[in-house]
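# Per-entry structural report
The primary structure of each chain is shown beneath.
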Amino acid sequence: MNILETIAWDKLQNGLIPAIAQDYLTNEVLMLAFMNKEALKLSLQSGYAHYFSRTKNRLWKKGEQSGHTQEIIECYLDCDKDTLLLKVKQEGVACHTGNQTCFFNQISLDTITQKSQNTIDTSKLYGAVDTLYHTLLERKNANPNTSYTASLFHKGENTIAKKIVEEAAELGFAIKDKESKDIIYEAADLLYHSLVGLAYRDLSPDLVKQEIIRRFGLSGIEEKNSREK
């Protein structure tokens, strides 16, 4: 029997099946992610969890950057054949924030309380850009009176776009003035505001990396001409 064909892919949105990862020793629920058919096949073949990222729009192996992999001990399919449960041996932590589990926000009707057990500096694992991007996403629900990032989100796309244009101009002037310190400072400002724009549209910087990789081996003229067709 081909197990992959027993899953009700046709009733799953975008062909993605929810996959719950649970620590096989403690039974602690670690995270929820999604798999398409290819990710599930690769997971079962390799013995390590692979997922399909909706934000990055690609397959990814859990821990491909951080080394915090999930070895699959057991895999279960629910009675409706539309949800997976993975019993895993978690290397390191499951959450990109550095917490052991992704489920650390306790909520009620009017409050949210972080039961955080952050143990790892994730900027050393994922790099400054990815860490900043996830921080910006968290600021979407912050108070715009106390958070500059939240105030940009609150003011909307026109303000965000205007700031990107302003910062790009300031970087250009800094390059013209040949002051290395100012160039670095303005480049950091432009990167920050560009990431705010991506976060506003829920576009992962990984998609930008994929586009840059796509352009490797193409001349600039060839790439530009391909976009004009």
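One can find the structure itself at the top, above this paragraph.
Let us look at the structure shown here. (Residues numbered from 1 in each chain as written. Predicted model: local features only at pLDDT ≥ 70, side-chain atom pairs only at ≥ 80, totals over all residues. Heavy atoms only, no water.)

## Quick look at the packing of aromatic side chains
Applicable threshold: Stacked, tilted and edge-to-face are the three classes applied to pairs of Phe, Tyr and Trp rings, where Trp contributes its six-membered ring and a pair requires centres within 6.5 Å; stacked means planes under 30 degrees apart, edge-to-face means over 60, and tilted covers the rest. Exposure categories follow from relative accessible area, calculated using a 1.4 Å probe and restricted to protein chains: below 20% of the type maximum is buried, above 50% is exposed, and the middle band is partly exposed. Each helix is a run of H or I in the DSSP string that is no shorter than four residues. Each strand is a run of E no shorter than two, and both are numbered from the N terminus. Whether a charge lies above a ring is judged from NZ of Lys or CZ of Arg, which has to be within 6 Å of the ring centre and within 35 degrees of the ring normal.
Tallying each qualifying case throughout the model produces three aromatic pairs. Judged by centre distance (5.5 Å) and plane angle (45°), the rings of Y51 and W60 are tilted. The same class applies to Y51 as to W60, namely buried. Aromatic pair Y148 and Y192: ring centres 6.3 Å apart, planes at 25°, arrangement stacked. On the criterion of sequence distance, the pair formed by Y148 in helix α4 (residues 148-155) and Y192 in helix α6 (residues 180-200) is long-range, its members being 44 residues apart. Judged by relative accessible area, which is 17%, Y192 ranks as buried. Over the aromatic face of W60 sits the side chain of K56, whose NZ or CZ is 5.9 Å from the ring centroid.

## Some thoughts on the sheet that holds strand β5 (residues 70-77)
Rules: Strand pairing is assigned whenever DSSP detects at least two bridges linking the two strands. Axis angles are defined between N-to-C directions and span 0 to 180 degrees, where every axis is a line fitted to C-alpha atoms and, for a helix, only to the segment in contact. For this analysis, residues touch if any pair of their heavy atoms sits within 4.5 Å.
As summarised here, the arrangement of the four strands in space is β2-β1-β6-β5, forming an open sheet in which the pairing is mixed. Since the sheet does not close on itself, it has two edges, and those belong to β2 (29-35) and β5, each with one partner. This sheet shows a mean twist of 25° between the axes of neighbouring strands, independent of strand direction. The strands touched by helix α1 (residues 37-46) within the sheet are β2, β5 and β6 (84-90), with β2 carrying the most contacts at an inclination of about 125°.

## A few points about the nonpolar core
In a soluble, globular protein the nonpolar side chains are often hidden away together inside. Formally: Think of a nonpolar core as a cluster: buried Ala, Val, Leu, Ile, Met, Phe, Trp, Tyr and Cys residues, connected wherever their side-chain atoms sit within 4.5 Å.
Counting residues in hydrophobic clusters, the biggest one holds 21 residues, and the most contacted among them are I17, M31, M35, L40 and Y51. Of all the secondary-structure elements, those providing two or more residues to this core are β1 (17-23), β2, α1 and β6. Tallying contributions element by element places β2 first for this core, with four residues.

## With respect to the environment of Y185
Position of Y185 among the secondary structure elements: in helix α6. Taking the C-alpha atoms as reference points, Y185 and P144, 41 residues apart in sequence, are found 24 Å from one another.

## Thoughts on the pattern of salt bridges
To keep things clear, this is the line we draw: Basic side-chain nitrogens of Lys or Arg form a salt bridge, by our definition, when they fall within 4 Å of a carboxyl oxygen of Asp or Glu.
Counting across every chain of the model gives eleven salt bridges. Put simply, K11 and D82 hold a salt bridge, and the shortest N to O gap is 3.4 Å. Taken together, the residues span a long stretch of sequence, with K11 in the segment before β1 and D82 in the loop between β5 and β6 at a distance of 71 residues. The partner of K209 in a salt bridge is D130, with the nearest N and O atoms 3.4 Å apart. Remark: D130 occurs in helix α3 (residues 128-138) and K209 occurs in helix α7 (residues 205-215); sequence separation between them is 79 residues. Salt bridges sharing partners connect three or more residues here, namely R58, E64 and D206.

## Some remarks on the environment of Y133
Mapping Y133 onto the fold places it in helix α3. Accessibility expressed as a relative area gives 5% for Y133, which makes it buried. Once residues lying within four places of it in the same chain are set aside, the contact partners of Y133 are L195, L198, A199, D202, L203, S204 and P205.

## Remarks on helix α5 (residues 157-177)
We count it as follows: Each residue after the first adds 1.5 Å to the expected span of a helix. By definition, the arc is the one covered by directions from the helix axis to the C-beta atoms.
Between its terminal C-alpha atoms α5 stretches 30 Å, which fits the 30 Å expected from 21 residues at 1.5 Å a residue. Within α5, burial applies to I160, E167, L171 and A174. Buried residues along α5 cover an arc of 60° about the axis, so they all sit on one side. Facing away from the buried side of α5 by over 90 degrees, the exposed positions are N158, K162, V165, F173, K176 and D177.

## Brief notes about the packing of α4 against α6
Worth spelling out the cut-off: Orientation labels follow simple angle bins: below 35 degrees gives roughly parallel, above 145 gives roughly antiparallel, 65 to 115 gives roughly perpendicular, and whatever is left gives oblique. By definition, turning the near helix anticlockwise from the far helix through less than a right angle yields a left-handed crossing, and turning it clockwise yields a right-handed one.
Running from N to C, α4 and α6 point in directions that differ by 50°, and their axes come no closer than 11 Å. Comparing the axis directions of α4 and α6 gives the class oblique. You can see that α4 and α6 cross each other, and the crossing is right-handed. Residues Y148, T149, L152 and F153 of α4 form the contact with α6, whose participating residues are Y192, H193, V196, A199 and Y200.

## Side note on the pairing of strand β4 (residues 58-61)
Inspection of the sheet shows strand β3 (residues 50-53) paired to β4 by four bridges, in the antiparallel sense. Across the sheet, F52 pairs through a bridge with L59, a residue of β4. Taking the residues that link successive antiparallel strands as the turn, the β3-β4 hairpin has four residues, and the phi of N57 there is positive, at about 55°.

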